[in-house]
Amino acid sequence: MASLKEVRNRITSVNSTMQITKAMKMVAAAKLRRAQDAILQMRPYANKLNELIATVSANTEVGAQSPYTAVRPVDKVLLIVVTSDRGLCGGFNSNIIKATQALINDKYASQQKAGNVTIKALGKKGLEAFSKRGFDVNKNHSEIFLKLSFEEARKAAEEAMEAFKVGVYDEVVLVFNEFKNVATQIIRTETMLPLTADVDENAAVSNTDYIFEPSEEEIILDLMPKAIKMHLYKAVLESNASEHGARMTAMDKATENGGELLKDLKIQYNRSRQAAITKEILEIVGGAEALKDS
């Protein structure tokens, strides 16, 4: 049985850890509220824009003229993997990394064997994980969450768009966590480029008859790049909200587990204390008996 001092030290340590996890939960909850508001406001706009692009591309010939709709044999692939900069958020990052690895093994095994799969990591955890595994990792914009904004997402999207346009990559795929609620994040794999009629599973293609002003070509070719940039920005916002939700849940569970451990330690402490008191009493009684005998 551990000594009283050891148990006391462990109790103090668990109490300190619980204070930290409680504080981290509160911070995550505050950040989650802002991140959740941002993505809930973004979704209707992004989905409607995707629906518009999907509808127009399906019903007109102008969309086929865009360099971002070019469908080519997939020899070179860019995977944009969105993770977080920090840990302590449960399986948030590990699930994305495993999903990306599974995607490569299942769909892009031949490209990976030929060295034609590039990882663009948005988030330090993804950068670290895939660098250690020997992947070709694009480090640009890996620190996007240090100053999260549409401007930063736009720069990352434009880099990928230009590379696709000139033929460096034949396909660009997004892998990220979609925010559902505090306890649930859904891993999504979406094709960012080439832009097709099914750019978004939630975008229903309708038979709406549009009137174009000033011209069909000018509007469509201007909207397509915006839709692609918005697609990436939406994925980053989804991941940001998911991260805070996952961290809040993880810290809540850690605090709960700390409470259970604290109960066990207090029981152990009381038992050790009782055993020490009993031992002292026995020693006093034994000493008294020895004096009587002498």
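So, here is what we can say about the structure in this document.

Reading guide: rules and limits
- Residues numbered from 1 in each chain as written.
- Predicted model: local features only at pLDDT ≥ 70, side-chain atom pairs only at ≥ 80, totals over all residues.
- Heavy atoms only, no water.
- Core = buried A, V, L, I, M, F, W, Y, C linked by side-chain atoms within 4.5 Å.
- Buried < 20%, exposed > 50% of the residue type's maximum accessible area, 1.4 Å probe, protein only.
- Helix = DSSP H or I, 4+ residues; strand = E, 2+ residues; numbered from the N terminus.
- Contact = heavy atoms within 4.5 Å.
- Pairing = 2+ DSSP bridges.
- Axes fitted to C-alpha atoms, helices over the stretch in contact; angles between N-to-C directions.

## Digging into the nonpolar core
One finds Ile80, Val172, Met192, Leu193 and Leu232 to be the most contacted residues of the largest nonpolar core, which totals 41 residues. At twelve residues, helix H6 (residues 216-293) tops the list of elements feeding residues into this core. The residues contacting Leu232, other than those within four sequence positions of it, are Ile80, Leu122, Ala153, Ala156, Ala157, Leu174 and Met192. Residues Val77, Val81, Ile96 and Ile97 belong to the second largest nonpolar core, which totals 18 residues.

## Structural notes on the pairing of strand S4 (residues 171-181)
Within S4, nine of the eleven residues are buried, which leaves it mostly tucked inside the rest of the structure. Here nine bridges tie S4 to strand S5 (residues 184-193), and the two strands are oriented antiparallel to one another. Along S5, the bridge assignment pairs Asn177 with Ile187.

## Overview of the sheet that holds strand S3 (residues 136-138)
The five strands are arranged S3-S2-S1-S4-S5 in an open sheet whose pairing can be described as mixed. Here the strands that pair on one side only, and so sit at the sheet edges, are S3 and S5. The average angle at which neighbouring strand axes cross in this sheet is 25°, direction not considered. Across the sheet, helix H5 (residues 150-165) is in contact with strand S1 (77-82), strand S2 (117-122), S3, S4 and S5; its angle to S5 comes to roughly 40°.

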